Amino acid sequence: MTEKNAPDDVLLAYASGGLDEAMSLVVATHLTLSPQSRARVADFEALGGALIEEIAPAALDADSLDSVLARLDEEDSAQQAPEPPCDGHLLPAALRGYVGPDIEALRWKRLIRGVQEAEFAIGGSARARLMRIESGIAVPRHTHRGKEATLVLEGAYRDETGYYDRGALQWADATLDHQPAATGGETCLCLVVTEAPIRLTGKLGRLLNPLIKYQ
């Protein structure tokens, strides 16, 4: 399963606060770059508001207001509605809140020739990182043991399902076996969130699976 915009069930979960922190960050960042997905979230929020208006009011405890206000104060920044523009920055504000304004200050590590990643802390069990792939370089062929969300922030890549450039979101699961390769003459920068380790599927990769656990 792949999409260039977030699937409707994901956008609905985001609008209702049902995503975990890592996936919320991916969607919030994607919405900044995708007017189409942003409009869908607005539709879901309007629908939710209309449904709430039809619910009969119920009596509240005396401390209900204080409890609601406290929860609002604790609301995660990734769940906030994203700003439409990027204010001249490469990274949308939701993502800058996690990695800072200068990606060169992150701790980048080399995975293979032409591929680097910089992991950053986020709540939950999912893993979040930025990944840079030099033009013409392909990552090893693989499939997924859980959901994987890849959002292009700069440059572009291509795989068996199509072409993904800035703002495009690829939402993948165990049904997808692919080998993304950066294209277009410039380095491809992506935000990647994975819920579980990937499984290598190339000839050499199959032999390495028992030795390597990469999420």
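The text that follows walks through the structure, step by step, so that each part is easy to find. Please read all numbers here as calculations on a predicted model, not as lab measurements.

**Points about the environment of Asp102**
Here comes step 1: Along the polypeptide, Asp102 turns up in the loop between α5 (93-99) and β1 (109-112).
Here comes step 2: Taking C-alpha positions, Asp102 is 9.2 Å from Leu91, a pair spaced 11 residues apart along the chain.

**Description of the packing of aromatic side chains**
Each pair of aromatic rings is reported with the distance of its centres and the angle of its planes.
Here comes step 1: By the definition in use, this model includes two aromatic pairs.
Here comes step 2: The lysine or arginine in question, Lys4, covers the ring of Tyr164, its NZ or CZ lying 5.3 Å from the ring centre.

**Observations concerning the environment of Gly155**
Here comes step 1: Inspection of the secondary structure assignment puts Gly155 in the loop between β5 (148-154) and β6 (156-159).
Here comes step 2: Apart from residues no more than four positions distant in its own chain, Gly155 is found in contact with Tyr164, Asp165, Arg166, Glu186, Thr187 and Cys188.

**Topic: the pairing of β6**
Here comes step 1: The sheet contact formed by β6 and strand β7 (residues 162-165) spans four bridges and is antiparallel. Note on β7: the bridge partner recorded for Asp159 is Gly162.
Here comes step 2: Bridge analysis of β6 against strand β9 (residues 181-183) gives three bridges, and the strand direction is antiparallel. The residue bridging Arg158 from the neighbouring strand is Ala181, located in β9.

**As for the state of the cysteines**
Here comes step 1: On inspection of all chains with the given rule, the structure shows zero disulfides.
Here comes step 2: No disulfide involves Cys188; its sulfur sits 3.5 Å from that of Cys190, the nearest cysteine.
Here comes step 3: A residue is classified by how much of its surface remains accessible, and Cys190, at 3% relative accessible area, is buried.

**A look at the sheet that holds β9**
Here comes step 1: If you trace the three strands from one edge of the open sheet to the other, you get β7-β6-β9, paired in antiparallel fashion. Only two strands of the sheet have a single neighbouring strand rather than two, namely β7 and β9. Going from strand to strand, the sheet's axes swing by 35° on average, the running direction of each strand aside.

Rules and cut-offs
Residues numbered from 1 in each chain as written. Predicted model: local features only at pLDDT ≥ 70, side-chain atom pairs only at ≥ 80, totals over all residues. Heavy atoms only, no water. Helix = DSSP H or I, 4+ residues; strand = E, 2+ residues; numbered from the N terminus. Phe/Tyr/Trp six-rings, centres within 6.5 Å; stacked < 30°, edge-to-face > 60°. Lys NZ or Arg CZ within 6 Å of the ring centre and 35° of its normal. Contact = heavy atoms within 4.5 Å. Pairing = 2+ DSSP bridges. Disulfide = S-S within 2.5 Å. Buried < 20%, exposed > 50% of the residue type's maximum accessible area, 1.4 Å probe, protein only. Axes fitted to C-alpha atoms, helices over the stretch in contact; angles between N-to-C directions.

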